[in-house]
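Read off the chains here:
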Amino acid sequence: SGITVIAAAFLSALLLSLLCGVFYNLWKYEVERIEREEGSWQSRITGEFDPEEIRAVQSFAGVTNVEVREEESGETVLDLYFQNMSQVLEDTPKAARLAGASKEDVTYHHALLSMYLVRDPEDPAPRLVFPFFILVTLLASVSLIVIIHNAFAVSMNDRVYQLGILSSVGAAPGQIRACLMQEAAVLCTLPVLAGSLLGIAGSAGVMEITNVIARDIPGRQPAVFGYHPLVFAVTVLVSVVTIWISAWIPARKLSRMTPMEAL
């Protein structure tokens, strides 16, 4: 039963790590495509500005860069880049007022902002790429909980007689539950780390296979595998939460048994 728990934890971490790694690279590829085709600006102010107004926008708190372009119509376009992308929708109108522009003169790069979960309520497009990634990961976690909690139940049921003895000498349900969860943690720590690392290698392999399959598509840029420490942290967190819930379900049930039932 212990080997079953270790295998279940390893496979769960492997699958979740593979999903997170592939999704991160798909997200990264889409961001690079948007920036390549549409530009990396985050918001844009269009109008007629004098040098003082442009300098006021450039010195606005949170703005890291302002690219100034002259249109053929004679209007000036200010492409704004912010340090904190979540503040774009809030700070751009303030910067526009410094330049004497109105709300109608402001344009947001909705396609790029949506990839960072920054949504403008006035944007009519659904922009569901990033929410879809999150939904699939959550569904995978729920599915794994349904599947692997039985492995923990088998392992913990092997301890029923011992738990009955502990309960008969005064162990509280919370103490029994903590004991079972500690045992699960000892069994699953190394498999989770090993599965997470192997999942990173697997996601790199998936991206290489994707490049090979799609190499003949006209105009497609090859995907370059990348990985961020935050992705690894999220992967481990999701794996730990998934396994913790899977172990907690049978542990809670067993901790509520009376000593007579257990013995």
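One can find the structure itself at the top, above this paragraph.
In this report, the structure presented in the accompanying data block is examined. Quick caveat, the model's predicted, so the values are computed rather than measured.

Thresholds, definitions, all that
Residues numbered from 1 in each chain as written. Predicted model: local features only at pLDDT ≥ 70, side-chain atom pairs only at ≥ 80, totals over all residues. Heavy atoms only, no water. Helix = DSSP H or I, 4+ residues; strand = E, 2+ residues; numbered from the N terminus. Rg over C-alpha atoms; globule rule 2.2 N^0.38 Å. Buried < 20%, exposed > 50% of the residue type's maximum accessible area, 1.4 Å probe, protein only. Areas by Shrake-Rupley, 256 points an atom, 1.4 Å probe, with all protein chains shown as cover. Lys, Arg positive; Asp, Glu negative; His and termini not counted. Charge placed at Lys NZ, Arg CZ, Asp CG, Glu CD. Contact = heavy atoms within 4.5 Å. Pairing = 2+ DSSP bridges. Axes fitted to C-alpha atoms, helices over the stretch in contact; angles between N-to-C directions. Salt bridge = Lys/Arg side-chain N within 4 Å of Asp/Glu carboxyl O. Expected span 1.5 Å × (residues − 1).

## Thoughts on the overall build of the protein
- When its secondary structure is counted, the protein shows 9 helices and 4 strands.
- For the protein, the N- to C-terminal ordering of α and β elements is α-β-α-β-β-α-β-α-α-α-α-α-α.
- Scaling as 2.2 N^0.38, a compact globule of 263 residues should have a C-alpha radius of gyration of about 18 Å, whereas the protein reaches 27 Å, well beyond that.
- In terms of its C-alpha atoms, the protein occupies a principal-axis envelope of roughly 85 × 45 × 30 Å.
- Looking at the protein residue by residue over its 263 residues, the buried ones come to 40%.
- Carbon together with sulfur atoms contributes 64% to the accessible area of the protein, which is approximately 14,600 Å² in total.
- Averaging the locations of the 18 positively and 27 negatively charged side chains of the protein gives two centres separated by 13 Å.

## So, the side chain of serine 12
- Position of serine 12 relative to the elements: it lies in helix 1 (residues 2-38).
- For serine 12, a relative accessible area of 2% gives the class buried.
- When residues no more than four places from it in sequence are discounted, the contact partners of serine 12 are Leu144 and Ile148.

## Some words on the side chain of asparagine 211
- Position of asparagine 211 relative to the elements: it lies in helix 7 (residues 173-213).
- Assessed through its relative accessible area of 13%, asparagine 211 is described here as buried.
- Each residue touching asparagine 211, except ones within four places of it in the same chain, is listed here: Arg220, Pro222 and Ala223.

## Observations concerning the sheet that holds strand 1 (residues 43-47)
- Taken together, the 4 strands give an open sheet; going across it, the order is 2-3-1-4, and neighbouring strands pair in antiparallel fashion. Edge strands, defined here as strands with exactly one partner in the open sheet, are strand 2 (63-70) and strand 4 (106-108). The average angle at which neighbouring strand axes cross in this sheet is 20°, direction not considered.
- Bridge analysis of strand 1 against strand 4 gives 3 bridges, and the strand direction is antiparallel.

## Focus on the pattern of salt bridges
- Following the criterion strictly, the structure yields 10 salt bridges and no others.
- Residue glutamate 90 is joined to lysine 94 by a salt bridge in which the shortest nitrogen-to-oxygen separation is 3.7 Å. Of this pair, glutamate 90 and lysine 94 are both found in helix 3 (residues 88-98), 4 residues apart, which corresponds to roughly one turn of the helix.
- With relative accessibility at 44%, the residue glutamate 90 sits in the partly exposed group.

## Some points on helix 1
- When the terminal C-alpha atoms of helix 1 are compared, their 53 Å separation across 37 residues agrees well with the 54 Å that a helix rising 1.5 Å per residue should span.
- Downstream of helix 1 by one or two residues, glycine 39 has phi in the positive range, about 100°.

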